[in-house]
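Structure at a glance
Residue strings, one per chain:
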Amino acid sequence: MSPAAHAIKVLREKFSVDRVALPETELYNQRNGTYLSQLESDIKPAAIFLPKTKEEVSSFVKVIKSLVDKHETQFTIRGAGQQPLPGCANVENGITLDLSQLTGIEVNDGIVSIAAGERWGAVYDLLHEHGLGVTGSRSGLGGIGGLALAGGLSFFGSREGFICDNVVNYEVVLASGEVVNANIKENHDLFTALRGGGNNLGIVTRFDMRTFKQGPFWGGSIFYFPPSFPSQIKALVQELEKPDASPETHIMISLFFASQFGQVMGLNQAYYTREVEKPAVLDPFTTVQPQIAELNSMRMITLKDAVAEQAAMAMTGVRCAYMNTTVKPDVTTLQKASEIFSKALEVVKGIEGIVCSFTLQPYPLSLLEQTAPAGGNSLGLNPADGPLVSVLLLMYWKNKSDDEKILETARGVLETIEKDAASRGTVVPYKYLNYAFNFQDPFGSYGAENKKKLQEASKRYDPEGLFEKGVPGGFKLFP
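What this report covers is the structure whose coordinates are included nearby. Values in this document were obtained by computation on a predicted structure and should not be read as measured data.

The subject of this paragraph is the sheet that holds strand S3 (residues 75-78). One open sheet accounts for four strands, arranged S1-S2-S4-S3; its pairing is mixed. Looking at the sheet topology across the chains shown, the edges are occupied by strand S1 (20-21) and S3. In this structure, S1 lies alongside strand S2 (residues 47-49), joined through two bridges in antiparallel fashion. Across the sheet, Ala21 pairs through a bridge with Ile48, a residue of S2.

Set out below in structure tokens:
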């Protein structure tokens, strides 16, 4: 009997048959086919384990640990499967722990408790009934853990901080199988480490998050033409550098190429998170001309409608990759970065199904200032560093035969951008975990002190290294 077959046998003896999905079954094919990126679905686990309670997760950990200790299998942890990095939530010939059946959302005393298998759309639907919001994904399709364990940007980030900084408690299954809470009073070092530590410290089964009163707000998308993009870069930098920059704005500006347009386009996604129609602070981004008027979706919008709009713009079930870096808000640096991206588009424009995007997302000072009052995180970003700008490359395409060309081209673009920014003194080490690709080192980018604290938390809560050795996917804390 092969090690994989033995692992399946052990799991089926311990758990009911419906918890273990095997290859070629309808459930296996459905679950393995629903990752954001086909690069993840290309990976074929020996089985998919689908627990329904934290107790079953705990029992699974105890069983899988004995198998990992004997080098008989490895495993991975999947929430919604929306991070496109290959292998971060799937494992070849191992066991995928799929948390999708851990469901339930409750609101009590200003806290929303979210089971790990939920998606943000359902969270917002419930909160909408209470007139509340929460700092979560901008897409209703997004899962909870990928963002709440990595940092996370939201519509409300400028006002409320990173998504991880709005978690007030993590319910975690440790490598021993013990279920603990991590918050500012209990297991505080684990609490801080989970805020940016990814899949290295335990399996989070519930996220308790702070809510706030939230009504409709102004926002939407504007499509325009590339000659106007330099003016949008200038406007973005000017807004970030204002001494009185508004904490109510959320602004993303992009250059992208998609076959349905047949040309490079500009896209602004701009939001003002209070019920103010046509706020003047967004004018530089919403009145850009010429624009495609029929695609201008700026309006008064609810949170549930805003995330539905973002979800509708997303592409799923295609080949997909993200890469990112961070720079200071310098017009020359960002303009040069957009030129480097635009030049590289000529190499990939003819690829079937290609969509490429160069997206700038601010880390405003007001966002960075929320971390310390919320109890700290592991990201290594401080108000003294800010404001900053995330530079994100997104690529979507159809065929596996084009993987190498696209990924090598995108990596070349990113490295050229970083080299240019370094020459100007504007490059910043930080790499956002959720947007990182396999050649990047997000934990190293947090800084030596923060990485050491993450390693110390790992040694304390996972002394035998189950999540380091047994979970090969994602980014690891140790070499």
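On we go from here.
Next up on the list: the packing of helix H12 (residues 331-348) against helix H14 (residues 403-424). Contact geometry for H12 and H14: axes closest at 10 Å, N-to-C directions at 160°. If you check the angle between H12 and H14, you find them roughly antiparallel. With respect to the hand of their crossing, H12 and H14 are arranged in right-handed fashion. Residues Thr332, Thr333, Lys336, Ala337, Ile340, Phe341, Ala344, Val347 and Val348 of H12 form the contact with H14, whose participating residues are Lys405, Thr409, Val413, Thr416, Ile417, Asp420, Ala421 and Arg424. Of the residues belonging to the contact of H12 with H14, the class tally is nine nonpolar, four polar and four charged.

Another point: helix H9 (residues 229-241). Counted at 1.5 Å a residue, the expected span for H9 with its 13 residues is 18 Å, and the 19 Å between its end C-alpha atoms agrees. For H9, the set of buried residues is Phe229, Gln232, Ile233, Ala235, Leu236, Val237, Glu239 and Leu240.

Before going further, it helps to examine the packing of helix H1 (residues 3-14) against helix H4 (residues 54-69). Look at H1 against H4: their axes get within 11 Å of each other, and the N-to-C directions meet at 150°. Between H1 and H4, the crossing angle belongs to the class labelled roughly antiparallel. The element H1 and its partner H4 pack so that their crossing is right-handed. For the pair formed by H1 and H4, the contact residues are His6, Ala7, Val10, Leu11 and Lys14 on the first element and Ser59, Phe60, Val63 and Leu67 on the second. In terms of residue class, the contact of H1 with H4 is built from six nonpolar, two polar and one charged.

Here Leu97 lies in strand S4 (residues 95-98). With a relative accessible area of 0%, Leu97 lands in the buried category. Sequence separation between Leu97 and Phe75 is 22 residues; the distance between their C-alpha atoms is 6.9 Å. Setting aside residues no more than four positions away along its own chain, Leu97 makes contact with Phe49, Pro51, Phe60, Thr76, Ile77, Arg78 and Ile203.

If you walk through the whole model with that rule in mind, you get 26 salt bridges. Two residues, Glu160 and Arg159, come together in a salt bridge whose shortest N-O distance is 2.7 Å. Looking at Glu160, the relative accessible area reads 11%, which means it is buried. When the shortest N-O distance is used, the salt bridge between Lys242 and Glu239 registers 2.9 Å. Each of Arg159, Glu160, Arg210, Glu248 and Arg274 takes part in one network of salt bridges that share partners.

This part takes up the sheet that holds strand S13 (residues 263-272). Pairing within the open sheet is antiparallel, and its eight strands lie in the order S14-S11-S13-S12-S16-S17-S15-S18. The strands lining the two open edges of the sheet, one partner per strand, are strand S14 (299-301) and strand S18 (427-428). Lying on the sheet, helix H11 (residues 303-313) is in contact with strand S11 (217-224), strand S12 (249-258), S13 and S14; it crosses S11 at an angle near 20°. Along the sheet, H12 contacts S12, S13, strand S15 (319-327), strand S16 (355-363) and strand S17 (388-397); its crossing angle with S16, the most-contacted strand, is approximately 165°.

Attention shifts here to unusual backbone geometry. Cis geometry marks the peptide bond from Gln289 to Pro290; its omega dihedral reads -10°. Tracing the backbone through its elements, the reader meets Pro290 in the loop between helix H10 (283-286) and S14. Looking along the chain, the bond that leaves Gly386 and enters Pro387 is cis, with omega of 0°. Within the secondary structure layout, Pro387 lies in the loop between helix H13 (365-368) and S17. Unusually for a residue other than glycine, Glu24 sits at a positive phi of about 75°.

Side chains on a regular strand alternate between the two faces of the sheet. Taking burial as the measure, the ten residues of S13 include nine buried ones, the bulk of the element. Relative to S13, S11 runs antiparallel, the two sharing seven bridges. Looking at the pairing, Gly219 lines up with Tyr271 of S13. Here S12 runs beside S13; their pairing, made up of ten bridges, is antiparallel. Note that in S13 the partner of Leu255 across the bridge is Gly266. Hairpin connection of S12 to S13: four residues between the antiparallel strands, including Gly262 at a positive phi of 75°.

By the criterion of burial, S17 is predominantly enclosed, with ten of the ten residues buried. The alternating pattern of S17 places Leu388, Ser390, Leu392, Leu394 and Tyr396 on one face and Val389, Val391, Leu393, Met395 and Trp397 on the opposite face, and all of these are buried. Summarising the sheet, S15 and S17 pair through nine bridges and their orientation is antiparallel. Among the inter-strand pairings, Thr326 is bridged to a residue of S17, identified as Ser390.

So, on to H4. With 16 residues, H4 extends 22 Å from end C-alpha to end C-alpha; this agrees with the ideal 22 Å at 1.5 Å per step. One or two positions beyond H4, positive phi appears at His71, with a value near 60°.

Calculation rules
- Residues numbered from 1 in each chain as written.
- Predicted model: local features only at pLDDT ≥ 70, side-chain atom pairs only at ≥ 80, totals over all residues.
- Heavy atoms only, no water.
- Pairing = 2+ DSSP bridges.
- Helix = DSSP H or I, 4+ residues; strand = E, 2+ residues; numbered from the N terminus.
- Axes fitted to C-alpha atoms, helices over the stretch in contact; angles between N-to-C directions.
- Parallel < 35°, antiparallel > 145°, perpendicular 65-115°, else oblique.
- Left-handed = near helix turned anticlockwise from the far one by under 90°.
- Contact = heavy atoms within 4.5 Å.
- Nonpolar A, V, L, I, M, F, W, Y, C, P; charged D, E, K, R; others polar.
- Expected span 1.5 Å × (residues − 1).
- Buried < 20%, exposed > 50% of the residue type's maximum accessible area, 1.4 Å probe, protein only.
- Salt bridge = Lys/Arg side-chain N within 4 Å of Asp/Glu carboxyl O.

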